[in-house]
Every structure is written in C-alpha cells, then in structure tokens.
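Summary of structural features
As a plain string of letters, each chain reads:
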Amino acid sequence: MGNTIESDLAQGQTPRRAKAPGKQRRSGDQENWDQRLGFLMHDVSRLRRTVFDEFMRPLGVTRSQWWVLAYVSRHDGMTQSDLANVLEIGKAALGCLIDRLEASELVVRGSDSVDRRVKRVFLSSKGKQLVEQMAQQSHEMSERILEGLDEEERRALAEQLTKVKQNLLRIKGETGPEKD
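Quick look at the structure, then. As the structure is a prediction and not an experimental result, all values here were calculated from the model. (Residues numbered from 1 in each chain as written. Predicted model: local features only at pLDDT ≥ 70, side-chain atom pairs only at ≥ 80, totals over all residues. Heavy atoms only, no water.)

**Re the overall build of the protein chain**
Along the protein chain, the regular secondary structure elements total seven helices and three strands. Within the protein chain, buried positions represent 23% of all 180 residues. When contacts within the protein chain are restricted to residue pairs at least 6 apart in sequence, long-range pairs at least 24 apart make up 40% of them. Surface accessibility of the protein chain: about 13,500 Å² in total, with carbon and sulfur atoms responsible for 53%. (Helix = DSSP H or I, 4+ residues; strand = E, 2+ residues; numbered from the N terminus. Buried < 20%, exposed > 50% of the residue type's maximum accessible area, 1.4 Å probe, protein only. Contact = heavy atoms within 4.5 Å. Areas by Shrake-Rupley, 256 points an atom, 1.4 Å probe, with all protein chains shown as cover.)

**Some points on helix 3 (residues 63–74)**
In this model helix 3 runs 17 Å from its N-terminal to its C-terminal C-alpha over twelve residues, within 8% of the 16 Å that 1.5 Å per residue would give. Within the sequence span of helix 3, burial applies to Q65, W66, V68, L69, A70, Y71 and V72. (Expected span 1.5 Å × (residues − 1).)

**A word on the environment of S142**
By secondary structure assignment, the location of S142 is in helix 6 (residues 125–145). Among the residues examined, S142 registers a relative accessible area of 22% and is labelled partly exposed. Along the chain, S142 and R48 lie 94 residues apart, while their C-alpha atoms are 9.2 Å from each other.

**Side note on unusual backbone geometry**
At E88, a residue that is not glycine, the phi angle is positive and equals roughly 55°. Looking at the secondary structure, you find E88 in the loop between helix 4 (80–87) and helix 5 (91–103).

**Some remarks on the packing of helix 3 against helix 4**
Interhelical geometry of helix 3 versus helix 4 gives an angle of 115° and a closest axis separation of 11 Å. As for the relative orientation of helix 3 and helix 4, their crossing is right-handed in sense. Between helix 3 and helix 4, the contacting residues are W67, V68, Y71 and V72 on the first element and L83, V86 and L87 on the second. The residue inventory of the contact of helix 3 with helix 4, partitioned by class, reads seven nonpolar, no polar and no charged. (Axes fitted to C-alpha atoms, helices over the stretch in contact; angles between N-to-C directions. Left-handed = near helix turned anticlockwise from the far one by under 90°. Nonpolar A, V, L, I, M, F, W, Y, C, P; charged D, E, K, R; others polar.)

**A few points about the side chain of Q80**
Relative to the helices and strands, Q80 is located in helix 4. Once you skip the residues sitting within four places of it in the chain, Q80 turns out to touch K91, L94, G95, I98, R109, K119 and V121.

**What to know about the sheet that holds strand 2 (residues 107–111)**
In space, the three strands of this open sheet follow the order 1-3-2, with antiparallel pairing throughout. If you trace the sheet from one side to the other, it starts and ends with strand 1 (78–79) and strand 2, each paired once. When strand 1 meets strand 3 (residues 119–123), the two strands line up antiparallel, connected through two bridges. Of the residues in strand 3, the one forming a bridge with M78 is V121. Across the face of the sheet, helix 3 comes into contact with strand 1, strand 2 and strand 3 while running at roughly 95° to strand 3. (Pairing = 2+ DSSP bridges.)

Structure, rendered in structure tokens:
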C-alpha cells in the first residue's frame, strides 16, 4: 500500500495527507514537528488563558487585571516602568490599567525613596485577598487541566516545559531586544 489515508488507517495509524506528486515525505521524526509542536504549544497557552478567564470571571477580574495583579503579587513594589517592560505592554496602557486597579483599591502607587518621579506599584490588602482567591481558583483549574497525569508525569511535564522556556529565553537573548 502507498502513503494514503486508507493505508494509514489499515495500519492503525493516524491518517496523514497524501503526498503531492513528486514530493518526498519526511521521515517520521522530522514530519512537521516544528509546526505541530508550535501549534500545540500555542493552542494549549491560548486555551489555558481562556479557561483561566472563565475561572476569574466570578471574581470580577479581567485578563489584563489578573495578569498585572499576579505579577505584582510576586514582585510587590516594582516600578511601573519595569512592570510595563516585563509585561511587554506600553507604559501608557499599563498606566491606565493601574489607574483602574487603584480605583478598585486593589493596588496603590507609591513614590520611590530615591527618585520621587518613579512610581512603584504595591498590592493593597484588598488586592492581596483577591490574589489569594485567584490562587485558589488557579489551583482548582490546574487540577482539572492536569487530570489524568500522575505526580511523576506532572513533574516531567514541568521540567520539559522549563527546558523549552530556557531555550526560548536563550534564543531571545541571542536575537537581541526587539526594535520598536
């Protein structure tokens, strides 16, 4: 049998597209790994954000807000400028977002002790309580999305994703900062 959908099914394999005339099929290890892995990682990331949005909805937090709150909770007192750089959003856009978070009494801005022009962002007590609720929701969601994976598989997945992240950060460093 040739490389057709029927032969793949007959051999118990996932059907593949028939090859175009005159084109060679890549070997199994090379067959679209770059595309499949890229799409899979993108899909998992997008779906996780979408599901997380749904888990956060009862708390009244938007994606942009939970993103900033989660980061500030790990780096309380970070400068607004540094926060914008790390989150890769514009300073003006972050300023508007922090204005809304401040109006909701979830964060407070404070002046830097050395340079009063520099604004630092801190979680308020109300913000800390919300982040605790977010963490509980996040844990519940993580348990649901990792359903079917035992502890060893979860650790292996985390280790593998960490390696991929380190590789991406290394590559990003090699290519230099983005040009605006």
